[in-house]
Each structure stands twice: as C-alpha cells, then as structure tokens.
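Working through the structure, step by step
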Amino acid sequence: MSRKIIIDTDPGQDDAVAILLALASPENVDVLGITAVAGNVPLPLTQKNARIVCELAGKVNVPVFAGCDAPLKRKLVTAEHVHGKTGLDGPQLADPTMPLQDKHAVDFIIDTLRHEPPGSVTLCPLGPLTNIATAFVRAPEIAGRVREIVLMGGAYFEVGNITPAAEFNIYVDPEAADIVFRSGVPITVMPLDVTHKALTTAPHVAGFRAMGTDVGRMVAEWTDFFERFDKQKYGSAGAPLHDPCVIAYLIEPALFSGREVNVEIETQSELTMGMTVADWWGVTAREKNAMFMGDLDADGFFGLLTERLARL
Ligand code: BDR
Ligand code: CA
C-alpha cells in the first residue's frame, strides 16, 4: 500500500529531484502535501520553487504550504553559493501559476497528523527542521501519531559541509533538530555519509538528458549547475543528490544500510554547532534514537531514479 507522506523542503535542485521522484511514484508514496521552509534560499523562493516543481511534474493538485521563514533561535543561513540566487539556478524557469495554500505549513502538519489514523503519516524533511520542531512544540501529542521521520541531514564520518563539523540542514537550525531527535519518533537519517555516494556522474546526467522530456532536461541542467560547485569542493566525479535518498529509501529500503544509534545535536559550542554526534561504535549508554544510514547501492539508486523520472 502507498505510504502517506508530507515532504518538508527548501528547494534546492536536489530537493526538486526528490519531489519529482515522489510524485512519479504513486504506488509507493502518497504525497499529502508539500511544506516549504527557509533554508537553501529564503521562504518566498522555497515555496515558489516547490510549486514550480509540482507544475513541472504535471501535479498541480498537490497542496503546497509556506512555513517558517527563520530558524527557531538564529538568523537564517542560506546556500546560494551552492544552489544559485533562485535556489533552482540552471534552466530558465517560468513563475508557477498553481496557488500557494492559505494555511501555514505548521498548521497543515498538525491538522494532518490529528486527522489521519495514528501511525499512518511519514514526515520527510529535506531542509532545516524548523517546521517540524515548531509543530511538535505547538502540538506535542502529534509526535506519537507520526509513523516515522525519514530525513536528509547530518554526517558522521563525512563530518561537515557548511562548517568543518556540521551538515547544512542541521547547522541552520540546531535547536529544531535537537527537538526532533529527542521527540521519540522513529527516525531514519540520510547523512552526508550516504548522500556523498549518490554522485551524478556524466553517464547519469546523459541518461536524464536522453529521456527527451522537460523533466529529463531540467534535471540534467540542475545537476550540471550545482555539480560545478561540488566538483570543485570535493574533487569528485559529480554532485551528490542528497535529498532524493529520502524518497528512494521509502520506495526501495534495501538500497540503504546503516545502524541504529544514538544521535545528539550540538547546540552549545560555536566550533561544532549543529554537529550530529552519532554513537556509531556504541561507546556510550545513551539510548538509540535513530537509524543512521551509512551506505548506498549507487547503481540501484540511479536505476530507480532514472526509471521513475522517465514516467513524468
Ligand atoms: C542539504 O543541504 C541542502 O543544500 C541540500 O538541499 C540538502 O538538503 C545537504 O547538506
Ligand atoms: Ca534540501
């Protein structure tokens, strides 16, 4: 049966590919709504970009909501240096015509969890955790009704990408991440350790382009754009498709492997702010609170992605 999900996102080219993968996979995931949060770029752009992506997929009935425009306690840090000024730099994009919903994203998350059967809704955060944490603080009873949180964020062996110690999504709002990791909800984490193995090498990008569709061309141009930055930074063969790992996991969990560990979020030290301190070797007695992924079948991942995107 198709799994009900809410995608919480800050598009972002890799967020866009994740949304497309979900919208192309109705037999696996039923997207109840998309909630935008400030992250890669400010909120007015992330909510607009989410609608652009739905229109590109031809799914104009998916409701899109705008959420929090700033982290819980900090000034927003953005990532235009990676994603460009619009967040979706690369191809020329027209403004969306589908409407933004009037409801605040946090209200949508709370209402949906209150009304859907307990244990039936999975949250898929692809950006800073501000919307999710705000919902949990405002309506603590909903945490017990979430089936699972599958999120992109954090790093352990790969350490940081925005600072030497921290991954971007967690660094932007560490207090929100701390609330989520202490919520008691089952959490599956796609850290940089996994997403840095989902590299868009030249044959993959050629495969997207060869689809001969608008979606194939857009995805190729998006990956071409943010690849420049990552290739230079990491000296790698392509750019990491971080966020699609979350959706791929919901479709084909066997592509990923990891460990149940304790994960705590650094919220005090300026030096390591936003670090995901994962007890990978089990050296503390701290309670396990997350499935922390460590490896990915990259060929299987790109096979799935290409097959699904070709449907749109
Ligand atoms: C994460 O940060 C953003 O730049 C990407 O969209 C991804 O969610 C990777 O650190
Ligand atoms: Ca993202």
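Once a new chain begins, its residue numbering starts again from 1 and follows that chain's sequence as written. Each chain is given a letter, starting from A, and each ligand a number, starting from 1, according to the order in which they appear as written. Only residues with pLDDT of at least 70 are given local features in this predicted model, and only at 80 or more are side-chain atom pairs given and counted; all residues enter the totals for whole chains, interfaces and linings. Processing note: side-chain calculations cover all non-hydrogen atoms of the structure and skip hydrogens and water entirely.

Before going further, it helps to spend a moment on helix α12 (residues 298–309). Residues that lie three or four places apart on an α-helix share one face, since the helix turns once every 3.6 residues. Secondary structure elements are defined from DSSP: runs of H or I of at least 4 residues count as helices, runs of E of at least 2 residues count as strands, and each element is numbered from the N terminus. Helix span, as expected, comes to 1.5 Å for every residue beyond the first. Compared with the 16 Å implied by 1.5 Å per residue over 12 residues, the 16 Å span of α12 between its first and last C-alpha is a close match. Pairs of residues are marked as contacts when any of their non-hydrogen atoms sit within 4.5 Å. Considering only its buried residues, α12 is in contact with α1 (13–23), β7 (199–200), α9 (202–209), α10 (214–234), α11 (244–251) and β12 (290–296). Residue Asp297 occupies the N-cap position of α12, its side-chain oxygen lying 3.3 Å from the main-chain nitrogen of Asp299. What qualifies as a polar contact is a pair of N or O atoms within 3.5 Å, subject to a donor-acceptor requirement within protein and to the restriction that residues adjacent in sequence count only when both atoms come from side chains.

Next up on the list: the packing of aromatic side chains. Aromatic ring pairs are described here by two measures, namely the spacing of the ring centres and the angle between the planes. Aromatic rings from Phe, Tyr and Trp, taking only the six-membered ring of Trp, are treated as a pair when their centres fall within 6.5 Å; an angle between ring planes under 30 degrees marks them as stacked, one over 60 as edge-to-face, and anything in between as tilted. What the rule picks out here adds up to 7 aromatic pairs. Consider the rings of Phe157 and Trp281, whose centres lie 6.1 Å apart with planes at 75 degrees: the pair is edge-to-face. Of this pair, Phe157 sits in the loop between β5 (146–152) and α6 (168–172) while Trp281 is found in the loop between β11 (276–278) and β12, placing the two residues 124 residues apart along the sequence. Trp281 matches Phe157 in its accessibility class, with the two residues each being exposed. With a centroid separation of 6.0 Å and 70 degrees between ring planes, the pair formed by Tyr249 and Phe256 is classed as edge-to-face. When accessible area is computed with a 1.4 Å probe and restricted to protein chains, residues below 20% of their type maximum are described as buried, those above 50% as exposed, and intermediate ones as partly exposed.

Checked against the element boundaries, Thr188 lands in strand β6 (residues 187–190). A polar atom in the side chain of Thr188 sits 2.6 Å from the side chain of Glu148.

Whether a residue is near a molecule or strand is decided by its heavy atoms; if any one of them lies within 4 Å of it, the residue is near. In the vicinity of ligand 1, the residues found are Asp14, Asp15, Asn40, His83, Leu126, Met152, Asn161, Glu167, Phe168, Asn169, His242 and Asp243. Asp15 is positioned such that a nitrogen or oxygen atom in its side chain is 2.9 Å from an oxygen atom of ligand 1. With respect to ligand 1, the backbone of Leu126 contributes an N or O atom lying 3.0 Å from an oxygen atom. For accessible areas, the Shrake-Rupley method is used with a probe of radius 1.4 Å. Any residue's cover is judged against the shown protein chains and nothing else. Protein chains bury 96% of the 280 Å² of accessible surface belonging to ligand 1 in isolation. At the level of elements, α1 and α6 are the ones that each hand at least two residues to the shell around ligand 1. Classifying every residue of the shell around ligand 1 gives 3 nonpolar, 5 polar and 4 charged. When residues are grouped by polarity, Ala, Val, Leu, Ile, Met, Phe, Trp, Tyr, Cys and Pro land in nonpolar, Asp, Glu, Lys and Arg in charged, and all others, Gly among them, in polar.

This part covers the pairing of strand β4 (residues 121–125). Burial within β4 is extensive, with 5 of its 5 residues counted as buried. Residues Val121, Leu123 and Pro125 point to one face of β4 and Thr122 and Cys124 to the other, with burial holding for every one of them. Should DSSP find at least two bridges between two strands, the strands are regarded as paired. Alignment of strand β1 (residues 3–9) against β4, held across 5 bridges, turns out to be parallel. Bridging from a neighbouring strand, Ile6 pairs with Leu123 of β4. Relative to β5, β4 runs parallel, the two sharing 3 bridges. Counterpart to Leu123 in the pairing with β5 is Ile149. Read as a crossover between parallel neighbours, the route from β4 over helix α5 (residues 130–138) to β5 is right-handed. Here, the term right-handed applies to a crossover whose path from the first strand over the helix to the second runs clockwise when the strands point away from the viewer.

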